[in-house]
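Notes for the structure review
Residues per chain, in single letters:
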Amino acid sequence: MAEHTVGLLAENTENPNPLLPDVAEMVVGIFAFLVVLFFLGKILVPRIQKALEERTDAIEGGIKRAEEAQAEAQRTLEQYQTQLAEARQEAARIREEAREQGAQIIAELRDQAQAEAQRVIDQAHAQIDADRQLAFTQLRAEIGQLAVELAGRVVGESLEDESRRRGTVDRFLDELEDRARAGA
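Residues numbered from 1 in each chain as written. Predicted model: local features only at pLDDT ≥ 70, side-chain atom pairs only at ≥ 80, totals over all residues. Heavy atoms only, no water.

**Remarks on the overall build of the protein chain**
The number of helices and strands found in the protein chain is 3 helices and 0 strands. Along the protein chain, from the amino end to the carboxyl end, the secondary structure elements read α-α-α. Taken across its 184 residues, the protein chain has 5% of its residues classed as buried. For the protein chain, the exposed area adds up to about 16,000 Å²; of that, 60% sits on carbon and sulfur atoms. (Helix = DSSP H or I, 4+ residues; strand = E, 2+ residues; numbered from the N terminus. Buried < 20%, exposed > 50% of the residue type's maximum accessible area, 1.4 Å probe, protein only. Areas by Shrake-Rupley, 256 points an atom, 1.4 Å probe, with all protein chains shown as cover.)

Below, the structure is given as structure tokens:
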């Protein structure tokens, strides 16, 4: 093969092939390609890699920050839900306490009303007893006065003496009471 290449090069100088470039041009082209490749490899590729790494870090950092923000939002949501559940439980407890206190207040007011009603009834009974006793005393005095007048007319003697009159009236009323008890 080496002979074949040397033969082509020799032919190239004698009879130029339009498809094959000149050797000098090939050497210059290869040298220029190597220089460009060197500069690309040493200057441009590291800069591109650095930019890509920065971009990758920025994207990964953004993703990490987004994940952290999402985790923080999830924690905040869980805290909010916990606080909301606690607030609901507290509200239910307060409502239950209010119901209990309301029932207790109603029971106390009912007891107070019953006690007041009983006091009024007792007072009314006492007043009725006092009025009856007063009426009985007044009625007894009036009956006594009428009985004295009637007895004075029937007997024909005067019952002006207070002690006699009182004794007669008391005896008469006692007899009436005895008859009433016997009839009852």
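Structure shown, so let's carry the discussion forward.
**A closer look at the pattern of salt bridges**
Under the defined criterion, the tally for this structure stands at 8 salt bridges. Here E97 and R93 are joined by a salt bridge, their closest N and O atoms 2.3 Å apart. Note that E97 and R93 are positioned in helix α2 (residues 23–155) at a spacing of 4 residues, about one turn of the helix. The class for R93 is partly exposed, based on a relative accessible area of 37%. Of the charged contacts, one joins R181 and E177 as a salt bridge, the two residues approaching to 3.6 Å between their closest N and O atoms. Here E177 and R181 lie together in helix α3 (residues 162–183), a separation of 4 residues that amounts to about one turn. On the basis of relative accessible area, R181 is assigned to the exposed category, the value being 59%. Here the salt bridges share partners, and the residues they tie into one network are E90, R93 and E97. (Salt bridge = Lys/Arg side-chain N within 4 Å of Asp/Glu carboxyl O.)

**Focus: the packing of aromatic side chains**
Counted by the stated rule, this structure contains 1 aromatic pair. Taking the centre distance of 5.8 Å and the plane angle of 70° together, the rings of F38 and F39 count as edge-to-face. The exposure class of F38 is partly exposed, given its relative accessible area of 47%. Relative accessible area serves as the criterion here: at 44%, F39 is assigned to the partly exposed category. (Phe/Tyr/Trp six-rings, centres within 6.5 Å; stacked < 30°, edge-to-face > 60°.)

**As for a negative patch on the surface**
Taken together, the side chains of E53, E54, D57 and E60 present a region of like negative charge at the surface. Mapped onto the elements of the fold, D57 is located in helix α2. Accessibility expressed as a relative area gives 52% for D57, which makes it exposed. (Patch = residues over 30% accessible without salt bridge, like charges linked within 9 Å, V, L, I, M, F, W, Y side chains within 5 Å. Lys, Arg positive; Asp, Glu negative; His and termini not counted. Charge placed at Lys NZ, Arg CZ, Asp CG, Glu CD.)

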